[in-house]
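Tertiary structure, described
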2 protein chains.
Amino acid sequence: MPASRLTDPAALFEAARGGDQASLARLLSLVERGGPRSREVAGLAYTTPGDAYTVGITGAPGAGKSTLTDRLVTLARQAGPDGGDRVAVLAVDPSSPYSGGAILGDRVRMPSHALDDRVYIRSMATRGHLGGLAVAVPNAVRVLSSVGMPVVLVETVGVGQQEVEVAAATDTTVVVVNPGWGDAIQANKAGLLEIADLFVINKADRPGARQTRRDLELMLDLTELGPWRPAIVETVASAGDGVDELWATIGRHRDHQIEQGTLAVHRRQRLEREFRQILAARLRELTDGVLAGGGVDDIVRVMLDGEVDPYEAADRVVDRVMPSDPTAPSDSRD
Amino acid sequence: MPASRLTDPAALFEAARGGDQASLARLLSLVERGGPRSREVAGLAYTTPGDAYTVGITGAPGAGKSTLTDRLVTLARQAGPDGGDRVAVLAVDPSSPYSGGAILGDRVRMPSHALDDRVYIRSMATRGHLGGLAVAVPNAVRVLSSVGMPVVLVETVGVGQQEVEVAAATDTTVVVVNPGWGDAIQANKAGLLEIADLFVINKADRPGARQTRRDLELMLDLTELGPWRPAIVETVASAGDGVDELWATIGRHRDHQIEQGTLAVHRRQRLEREFRQILAARLRELTDGVLAGGGVDDIVRVMLDGEVDPYEAADRVVDRVMPSDPTAPSDSRD
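Given the structure is predicted, the values throughout are model-derived calculations rather than measurements. (Residues numbered from 1 in each chain as written. Chains lettered and ligands numbered in written order. Predicted model: local features only at pLDDT ≥ 70, side-chain atom pairs only at ≥ 80, totals over all residues. Heavy atoms only, no water.)

1. Remarks on the sheet that holds strand E4 (residues 151–156) of chain B
All names here are of chain B. As a reminder, the rule being used: Strand pairing is defined by DSSP finding a minimum of two bridges between the two strands. The way it works is that DSSP assigns letters per residue, a run of H or I at least four long becomes a helix, a run of E at least two long becomes a strand, and they are numbered from the N terminus. The axes used here are C-alpha line fits, helices contributing only the stretch in contact, and every angle between their N-to-C directions lies in the interval 0 to 180 degrees. Only heavy atoms enter the contact rule, under which two residues are in contact if any of them lie within 4.5 Å.
With respect to topology, 7 strands assemble into an open sheet ordered E3-E2-E4-E1-E5-E6-E7, the strand pairing being parallel. Of all the strands in the sheet, just strand E3 (119–124) and strand E7 (231–235) have a single pairing partner and so form its edges. Adjacent strand axes in the sheet meet at a mean angle of 20°, parallel and antiparallel pairs treated alike. Both strand E2 (residues 87–92) and E3 contribute to a ladder of 6 bridges, which runs parallel. Along E3, the bridge assignment pairs Val 87 with Val 119. Relative to E2, helix H6 (residues 132–146) is tilted by about 170°, and along the sheet it contacts strand E1 (53–59), E2, E3 and E4. Sitting on the sheet, helix H7 (residues 161–168) is in contact with E1, E2, E4 and strand E5 (172–177), with an inclination near 160° to E4.

Next up, the structure:
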């Protein structure tokens, strides 16, 4: 059977490991779609993990993330932090019209790599999916790692909470800001300060770059930091300026984590977080099952009548799902 | 006992209904803090619901939401959609330094109402709280309604996913954009188009207002709409221009919903959503209990060894929490 006709996840993995992009695309479509087959794919990916180094790239729309990512792909093709040559880009875009594995659409994102078959580019849009991006993106990253990608770049399009979490769930998280009053403060407000391993001031040829650097340094001074102080790199991605330094700094952050032993710790924490997300989604599925079939209508009716508040109603459902609460303390709750 | 010393939720409610702002502030602090006492407060609020009309105001940082809200407060004090005179403002700001009920801090947000004791202004920042803003803000809105506020304005500071959801969980949702290329498109990307009952083009004296209106109309034309087509109002909030029309349009949207019977339907849907959020948080609490005490470390170890994938691990935990799955289909999963 030609690789393009495969549907069995194990066979798709084998073909994808051999470099077949159509099989890889099919695996990621299964992950994106959710359901039992996505679970099977994730199961295979998690139990044969690979060794991709993952880099998250986030920041406000228009900051220049795509152009930066494009430049990083070029460098990663030459020599990645792992000396790797294949590169995968996962563009997390809840509003993308290119969802569902439209390979040509995805390639249009980065025309300079459109003809390079060792670069794999993929958008993900999983709005409404059970567990959402928080489950689908880590699964997709695991798949890319499992098929042998040495470097996976995760670029987010917006700065929604889920997208920020997704970008933070990488080995090195790059936060892109632009020069100008307030951009650093906005980044802080969006929760980007605490997830950044590296700041990029992109479009650094514009006025205000020095002030933005000062703002970032000041905010870092006011923050309790671990052993790594987030580096600040200035780039003009459109011209390629500073991108070499950015790539070298990503490598430096990786080396620092290996030396300090924190890379393994962080990966362990991420695995735990992913497990908890999957567990939460599974529980949601179970209670949705309990609430289906008219159950929730009855509950809402008594709540609307003011007889029962939603906390009490939730307790009643929990009592139905799990007759004995294994975590109940032996003493009273008051 | 003076009202300022009360701690019992029922007594605090009674004092707050009589207009005591310190008691109201204490109730909201309990809600914000979470835990058993917040549950007690929410229980009382849900079972004596009041009849507040709620208006959500959202949009990108810098769009002028606070100034608009300030102007709406002035109008609501004169004659709200309910002819009411008391007004509450809930400013949802995950990064606010004014969290925890710093009344003076909150009043500084809107200096023109700082001395008006029939205006109640409150910031909420509940980062990390179990269930998050999605649980705490509806609870706070219920409390404000329950103590007799005829109008509650819910202003969000950013456009994170949670904040958007919070702003959407109101009777009328106002999305604020500014003139200029791309602002309407950004609003669409942030998921604001689908939640808007009303668009405000604020700073409409700047170039590009007409283009932004055209963009919005075009996007609305491309969207499947219900019986209400979102209105577009141009304002210059700093000068007060257009704010009367905005307030009248909010009233028109309210009347439309009452005539169509959709107000009750939407409120019922919101109650169901709030119940589901609380249920999800409760389940999370239960599984966190199961995972505490070293359980999760064992699970992560076998996952790291590649023996078990996180889906399988989640199933094992679910089996421990609920020995028989009440939603299991009788046939096989394949």
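2. Examining the side chain of Asn 139 of chain A
As for its placement among the helices and strands, Asn 139 of chain A is situated in helix H6 (residues 132–146). Setting aside its immediate chain neighbours within four residues, Asn 139 of chain A contacts Val 31, Ala 42 and Tyr 46 of chain A together with Tyr 311 of chain B.

3. Observations concerning the packing of H6 of chain B against H7 of chain B
All names here are of chain B. Cut-off, in case you're wondering: To sort the angles, those under 35 degrees are grouped as roughly parallel, those over 145 as roughly antiparallel, those from 65 to 115 as roughly perpendicular, and the leftovers as oblique. Crossing handedness is read from the near helix: turned anticlockwise from the far helix by less than a right angle, it gives a left-handed crossing, and turned clockwise, a right-handed one. Classes in brief: Ala, Val, Leu, Ile, Met, Phe, Trp, Tyr, Cys and Pro nonpolar; Asp, Glu, Lys and Arg charged; the others, Gly included, polar.
As a packed pair, H6 and H7 sit with axes 9 Å apart at the nearest point and diverge in direction by 25°. Looking at the two axes, H6 sits roughly parallel to H7. In this structure, H6 meets H7 at a crossing whose hand is right-handed. Where H6 approaches H7, its residues Gly 132, Leu 133, Ala 134 and Val 137 are matched on the opposing element by Gln 162, Glu 163 and Val 166. The residue makeup of the contact of H6 with H7, split by class, is 4 nonpolar, 2 polar and 1 charged.

4. Description of the interface of chain B and chain A
Our working rule: Computed with a 1.4 Å rolling probe, the buried area is the accessible surface lost when two parts are put together, summed over both parts. Any carboxyl oxygen of Asp or Glu that lies within 4 Å of a side-chain nitrogen of Lys or Arg is treated as forming a salt bridge with it. N or O atoms closer than or at 3.5 Å make up a polar contact, with two conditions inside protein: a donor-capable atom paired with an acceptor-capable one, and, for residues adjacent in sequence, both atoms drawn from side chains.
Listed as interface residues are 58 residues of chain B and, on the opposing side, 60 residues of chain A. Buried surface at the junction of chain B and chain A, both sides included, amounts to about 5700 Å², of which 65% is carbon and sulfur. Of all residues in chain B, Arg 39, Phe 275 and Tyr 311 of chain B bury the most surface against chain A, accounting for 13% of the area lost on that side. For the pair chain B and chain A, the number of links is 8 salt bridges. Between Arg 282 of chain B and Asp 315 of chain A there is a salt bridge whose closest N-O contact spans 2.8 Å. Inspection of the chain B/chain A interface yields 8 residue pairs in polar contact (both at pLDDT 80 or more). Looking at the side of chain B that touches chain A, the elements with two or more residues in it are helix H3 (36–47), H6, H7, helix H8 (183–189), helix H11 (262–291), helix H12 (295–304) and helix H13 (310–321) of chain B. For the side of chain B that touches chain A, the residue count by class is 29 nonpolar, 12 polar and 17 charged.

By themselves, these observations are geometric and do not establish any function.
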